[in-house]
Amino acid sequence: MALRLAAPGVKVIIGSRDPAKARAVVDSLRPKINQGVIEGYANQEAVQQAEFVVIAVPYEGHAAMVAGLKGQLRDKTVIDAVVPLNKGRPFVPPAGSALQEAQEILGGEAPVIGALHNISAVGLQDAASSLGDVLVCGDDAAAKKKVMELIKRIGARTFDAGPASHGYVIEGLTGVLIYLNRKYKSKHASVRVTGIGE
Ligand SMILES: NC(=O)c1ccc[n+]([C@@H]2O[C@H](COP(=O)([O-])OP(=O)(O)OC[C@H]3O[C@@H](n4cnc5c(N)ncnc54)[C@H](OP(=O)(O)O)[C@@H]3O)[C@@H](O)[C@H]2O)c1
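If you're wondering where the values come from, they're calculated on a predicted model, not measured in any experiment.

A. The arrangement of the sheet that holds strand β7 (residues 112–114) in detail. Read across the open sheet, the 3 strands follow the order β3-β4-β7; overall the sheet is parallel. The open sheet has two edge strands, β3 (52–55) and β7, and neither has a second partner. Ignoring strand direction, the axes of neighbouring strands in this sheet form an average angle of 25°. In this fold helix α4 (residues 59–69) packs onto β3 and β4 (77–80), with an angle of close to 155° to the strand it touches most, β3. The sheet contacts of helix α7 (residues 141–152) involve β3, β4 and β7, and relative to β4 the element is tilted by about 65°.

B. Summary view of the environment of His188. Mapped onto the elements of the fold, His188 is located in the segment after α8 (167–183). Discounting residues that sit within four places of it in the chain, His188 has contacts with Ser120, Val122, Gly123, Ser129 and Asn181.

C. Main features of the nonpolar core. Within the largest apolar cluster, 28 residues are counted, with the highest numbers of intra-cluster contacts made by Ile38, Ala115, Leu116, Val134, Val136, Ile151 and Ile154. Secondary-structure elements contributing two or more residues to this core are α1 (2–6), β1 (12–16), α2 (19–29), β8 (134–136) and α7. Beyond its immediate chain neighbours, meaning those up to four positions away, Ile38 contacts Ala2, Ala6, Val12, Ile14, Val26, Leu29, Arg30 and Ile33. Core analysis: the next-biggest nonpolar cluster, separate from the first, contains 27 residues, Val78, Ile105, Ala110 and Ala164 among them.

D. Structural context of the side chain of Asp133. If you trace the backbone, Asp133 turns up in the loop between α6 (121–125) and β8. A polar atom in the side chain of Asp133 sits 2.6 Å from the backbone nitrogen of Val193. Here Asp133 is in contact with Ile119, Arg157, Phe159, Val191, Arg192 and Val193, once residues within four sequence places are set aside.

E. Representation of the site of the ligand within the structure. Close contacts around the ligand come from 16 residues, with Ser16, Arg17, Lys21, Val57 and Ala121 the closest. Within the contact set of the ligand, an oxygen atom lies 2.6 Å away from a side-chain nitrogen or oxygen of Lys21. A distance of 3.3 Å is found between an oxygen atom of the ligand and a backbone nitrogen or oxygen belonging to Val83. Considered on its own, the ligand offers 870 Å² of accessible surface; in the complex 64% of this is hidden by protein. A breakdown of the residues in the shell around the ligand according to their chemical character gives 10 nonpolar, 4 polar and 2 charged.

F. Region of the structure containing the environment of Lys145. Looking at the element boundaries, Lys145 is found in helix α7. By relative accessible area, Lys145 is classed as exposed at 58%. Lys145 sits 34 residues away from Pro111 along the chain, and the two C-alpha atoms are 12 Å apart.

G. Broad picture of the pairing of β4. Here β4 shows a buried face lined by Thr77 and Ile79 and a second buried face lined by Val78 and Asp80. Relative to β4, β3 runs parallel, the two sharing 4 bridges. Its bridge partner being in β4, Val53 is matched across the sheet by Val78. In this fold, β3 hands off to α4, which returns the chain to β4; that crossover is right-handed. Across 3 bridges, β4 lies against β7 in parallel orientation. Looking across to β7, one finds that Asp80 is bridged to Gly114.

The rules behind each value
- Here, residues in each chain are numbered from 1, in the same order as that chain's written sequence.
- Reporting in this predicted model follows two pLDDT cut-offs: at least 70 for local features of residues, and 80 or more for side-chain atom pairs to be given and counted; totals over whole chains, interfaces and linings ignore these cut-offs and use all residues.
- To obtain the side-chain values, all non-hydrogen atoms of the structure were used and water was disregarded.
- Between any two strands, at least two bridges found by DSSP are needed for them to pair.
- A run of DSSP states H or I qualifies as a helix once it reaches four residues; a run of E qualifies as a strand once it reaches two. Both are numbered from the N-terminal end.
- All axes are obtained by fitting lines to C-alpha atoms, using only the stretch in contact for helices, and the reported angles, taken between N-to-C directions, cover 0 to 180 degrees.
- Contact between two residues is taken to exist if any of their heavy atoms lie within 4.5 Å; hydrogens are not considered.
- Here, nonpolar core means buried Ala, Val, Leu, Ile, Met, Phe, Trp, Tyr and Cys residues that are tied together by side-chain atoms lying within 4.5 Å of each other.
- Under the scheme applied here, a residue whose accessible area is under 20% of the maximum for its type counts as buried, over 50% as exposed, and between as partly exposed, the area being computed with a 1.4 Å probe on protein chains only.
- Polar contact is defined as a pair of N or O atoms within 3.5 Å, subject to the rule that within protein one atom must be able to donate a hydrogen and the other to accept it, and that residues adjacent in sequence are counted only when both atoms are side-chain atoms.
- A molecule or strand has a residue near it when one of that residue's heavy atoms lies within 4 Å.
- Surface accessibility in these figures is a Shrake-Rupley result with a 1.4 Å probe; residues are shielded only by whichever protein chains are displayed.
- Note on residue classes: Ala, Val, Leu, Ile, Met, Phe, Trp, Tyr, Cys and Pro are nonpolar, Asp, Glu, Lys and Arg are charged, and everything else, Gly too, is polar.
- Note on handedness: a crossover is taken as right-handed if, strands pointing away from the viewer, the path from the first strand over the helix to the second is clockwise.

Here it is in structure tokens:
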């Protein structure tokens, strides 16, 4: 994701629980980008300068991660890409979805928009690989629009896929994509919307 965003010149800040790890990842990515800026910091520091904050951690760490950032996200837009999975199988968490869990924790401090759940890391790393469509959901229309504009810059089509209550469907779909990858020996199954804008 960092590579795809940096390619069109978006400044990317990678956060980690360990700032040395963030810096090492940044050093490994720099030779792969022609332009743009990539920096690495500890999570708390990383969000300070950000306009968009992408939450992309395993579901087990999701609630604690969002709670740990609470108080620092005002005037930012949170993009939640987390898929609740148990041994590769999707499940619906108590809040209804990871997205709604983040909303509950943040309590209106920042809009939370669900996106990127169905885009594979393998597809993102291969700049020549075409990406699937990105279904974007959330309850804040202006934030959703901003997120859709940002994601278009990585070369994916985006669709406004409705309110946050649709989050569990879009998150869960990734469990189906993981199954398809295993079944058909692929690494980047994704979704494509047909019948709109054709
Ligand atoms: N991989 C994909 O293709 C893909 C596609 C769509 C959606 N997703 C979703 O995106 C999220 C991240 O996926 P991923 O494949 O990038 O996972 P990952 O490689 O296992 O984790 C990403 C990073 O999260 C941090 N992390 C790990 N456990 C954590 C915890 N308990 N608390 C806080 N941070 C933790 C680690 O960074 P540090 O050690 O540096 O802190 C790790 O490098 C998941 O929810 C996944 O379902 C993944």
